[in-house]
Amino acid sequence: MRKKRAVVALSGGVDSAFSAYLMLESGYEVIGIFLKLFGSEYSGWFSESRARKVAEFLKIPFYSLNFREKFEKKVISYFINSYLKGETPNPCIVCNRYIKFGYLLNKALELGGECLVTGHYARIKEENGEWGLFRGVDVDKDQSYFLFPLLEKPLSKIYFPLGEWRKERVHQEARRIGIPALFHESQEVCFLEGRGIKEFLTKEGGVSICPGPIITTEGKIVGEHPGVYFFTIGQRRGLKIKLGEPYYIKEIIPEENKIVIGKREEIYSSILEAEEVIADKNFPLKQGDIVEAKIRYLVKPEKAEVIYWDGRRIRLRFFHPQWAVTPGQAVVLYREDRVIAGGWIRRGVRENGNH
Amino acid sequence: MRRVYMDHNATCPMDERVIEAMIPYFEEKFGNASSLHSFGREARDAVEKAREEVARLLNAEPQEIIFTSGGTESNNLAIKGYCWRNRERGNHIITTKIEHHAVLNPVKQLEKEGFRVTYLPVDKYGRVDLEDLKKAITRETILVSIMMANNEVGTIEPIRELAKISQERGIAFHTDAVQAVGKIKVDVKKLGVDFLSLSGHKIYGPKGIGVLYIKKGRKIEPLITGGHHEKNLRAGTENVPAIVGLGEAAKIARKEWKEESERIKNLRDKLEKGILERIPYVRINGHPQYRLPNTLNVSFEYVEGESIILNLDLEGIAVSSGSACTSGTLEPSHVLMAMGVPAVTAQGSVRFSLGKDNREEDIDYLLEVLPPIIERLRKMSPLYSGK
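As the structure is a computational prediction, the values presented were derived from the model and not from experiment. (Residues numbered from 1 in each chain as written. Chains lettered and ligands numbered in written order. Predicted model: local features only at pLDDT ≥ 70, side-chain atom pairs only at ≥ 80, totals over all residues.)

**Quick look at the overall build of chain A**
In terms of regular secondary structure, chain A is built from six helices and 17 strands. Over its C-alpha atoms chain A spans a radius of gyration of 22 Å, differing by no more than 12% from the 20 Å that the globule rule assigns to 355 residues. Judged by the C-alpha coordinates and their principal axes, chain A covers about 75 × 50 × 35 Å. When burial is assessed residue by residue, chain A has 43% of its 355 residues classed as buried. When contacts within chain A are restricted to residue pairs at least 6 apart in sequence, those whose partners lie at least 24 apart make up 64%. (Helix = DSSP H or I, 4+ residues; strand = E, 2+ residues; numbered from the N terminus. Rg over C-alpha atoms; globule rule 2.2 N^0.38 Å. Buried ≥ 20, exposed ≤ 12 C-beta atoms within 10 Å, placed from the backbone. Contact = placed C-beta atoms within 7 Å.)

**Focus on unusual backbone geometry**
Of note, the phi angle at Asn128(A) is positive, near 50°, even though the residue is not glycine. Summarising the element assignment, Asn128(A) is placed in the loop between strand E5 (122–127) and strand E6 (130–135).

**A few points about the sheet that holds strand E9 (residues 282–285) of chain B**
One key point about sheets: their strands pair by backbone hydrogen bonds, in either a parallel or an antiparallel sense. All names here are of chain B. Taken in spatial order, the four strands make up an open sheet running E9-E10-E13-E12, and their pairing is antiparallel. Edge positions in the sheet fall to E9 and strand E12 (320–321), since each has one partner strand and no second. Across the face of the sheet, helix H8 (residues 240–278) comes into contact with E9, strand E10 (295–300) and strand E13 (349–353) while running at roughly 15° to E10. (Pairing = 2+ DSSP bridges. Axes fitted to C-alpha atoms, helices over the stretch in contact; angles between N-to-C directions.)

**Remarks on the domain arrangement of chain B**
All names here are of chain B. When the domains of chain B are assigned, the result is domain 1 (4–11 + 257–380) and domain 2 (16–253). Taking the mean C-alpha position of each, domain 1 and domain 2 sit 28 Å from one another. Counting from both sides, the interface comprises 24 residues of domain 1 and, opposite them, 25 residues of domain 2. Taken together, the elements giving at least two residues each to the side of domain 1 that touches domain 2 come down to H8, E10 and helix H10 (334–338). The element best represented in the side of domain 1 that touches domain 2 is H10, accounting for three residues. Partitioned by chemical class, the residues of the side of domain 1 that touches domain 2 number eight nonpolar, 13 polar and three charged. (Domains from an automatic or database assignment. Nonpolar A, V, L, I, M, F, W, Y, C, P; charged D, E, K, R; others polar.)

**Thoughts on the domain arrangement of chain A**
All names here are of chain A. The domain boundaries assigned to chain A delineate domain 1 (5–192), domain 2 (211–265) and domain 3 (268–349). Measuring from the centre of the C-alpha atoms in domain 1 to the corresponding centre in domain 2 gives 37 Å. Listed by partner, the interface residues are five residues for domain 1 and seven residues for domain 2.

**A short note on the pairing of strand E6 (residues 172–176) of chain B**
Residues and elements named next belong to chain B. Along E6, five of the five residues are buried, which leaves the element largely enclosed by surrounding structure. Side chains of E6 alternate between two faces, with Ala172, His174 and Asp176 and Phe173 and Thr175 buried alike. With respect to chirality, the unit in which strand E5 (residues 141–145) leads through helix H6 (residues 159–168) into the neighbouring parallel E6 is right-handed. For E6 and strand E7 (residues 195–199), the ladder comprises three bridges, and the chain directions are parallel. Opposite Asp176, over in E7, you have Ser197 as the bridge partner. (Right-handed = clockwise from strand over helix to strand, strands pointing away.)

Put into structure tokens, the structure is as follows:
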């Protein structure tokens, strides 16, 4: 009998390499695919050659596929547009949605793959005949936040072997086996390739960046910023203003080239509005539901009540006001370990209705 | 796993006789062909013997044969070398839309330097029309470069007639014959060309060696300068083992090409017929008659060529898409586009190029493996639903 085939996205990093190893160990025929996503042939060469070495080490077929045009169209243009709207984009989620679990998933199935495997720290499990997306066992490394768009994908065709693993153990084991992968992966936005956001937006996005006013919520001009695109909500550093007490960025208005700052308490919101929400159809949301909502990767989920839900847009009221609710980032809803919905934050509102 | 190689237009395995001929020149006969001593003479003799073999294959004179690093360098040397040398005579070049990038890019470079370039169209089979060439010629035209046979679809151009048109007007004619040599008759005297490029590894010789035929009397500027090698046209110590290998490959090709081509053509025709019988919605690209005997380019509607190639690879069969260099991009092959193949159809194109090592069983194996792959891919294709 023919072995079941798994297609593994190999980045050159240790997580995907070890995932491929685990699939081999559990009896799959494994195919490795490296995605060329951005930059010149030369700039991606280093990771690609690592991925190739990993495939050679594991003795699996390896293909390097050119997804540059698709990535440019779906991810880079999104990234630039998001900045132009005054948001702080999250390109990894968009890449997961369209590239990795869109085009690549199709490619994996076309190659006769039973499933597409990546090195994400999250779990996909079948419970009572339904497939669901869950947090990874390693809570510090859990990446389910970046994966909410998978709720509308065929989850049974996707597998994350590292969901049951702790990162240190993966590293230990990979070292023990001698996998020739990269052990230090950058947390930067990959396609910036070490460039600053200014250089990227001006060169790749054709965006003109110029200084503009910093104003308080009362409308008073208190300083000048070098360009709105270098800032995010809740940021304090880099403003170069002295007002006696700390001020933080509350809002970015690119069409007026303005940054609005506020005192610490003004940066908290108890209400959050999100759009383009994707929900697990097995866990129908309804008004009055209490959920755990995570508003950016590096914060813990917090309790909130669903106060509006129409199937695409959601409004949440947090039990405790949240710091720096940032348009452009995602809000992901959990029930215990399970991801039940996710969407894009449009705005945060203070309880009294002032936004 | 069973492995079948059907990508001979990309490269060929070396003939064992070629390897055998080369080995002494890696070992005891290591001399520099320019040295005066016995070691050098040994190497020089071998280089000149190889030159004679290549000349014999092309019906050229040995002094008309220049060794280069391969087909790409030969094309660069002919095109840039001739245009740089003859700039004062005119600034217009004519080529076609379906050339290999080893011609298109040197021509583009010249375009940036101020030359004007006309890219001739082709018909739906990939053939250039003689009238189009006549119309394109101006008083400024100094060079025409048209490939002898296309690498992607195998269409053979009417080089003899095209060259005659240029010669009558005193315009130099270059042909990239990298895919033609060893597969069809290539006789520089009958063709009447001034320059002809060939490559070692496309005729079962080594990689990294090629030839530019330069008709006696045609003057060019060298691209690489240094010592007095290759009549001052290509400096650099001769790659003696590769030259010896190319000489041997040329000798074998001269003696065996006809019989082999016929055998391979039968296999190719069987493959073509088998695909047409077993798989619906396919389109054969290339000329039905004027086509290399080993080449079959097929568009499988509603599927991506890349997916077919990867699936075949997983079954041990090596083929390529019409556009090896643009794998995965939305850019379809420039050759198929010039032939008027719709972009979506062009995306589903696969090139089978057969060679000496292929046997009938290979064709049977492919015909067994391919139809279920196409069927499976079509089932997954949103374009196919409803068919």
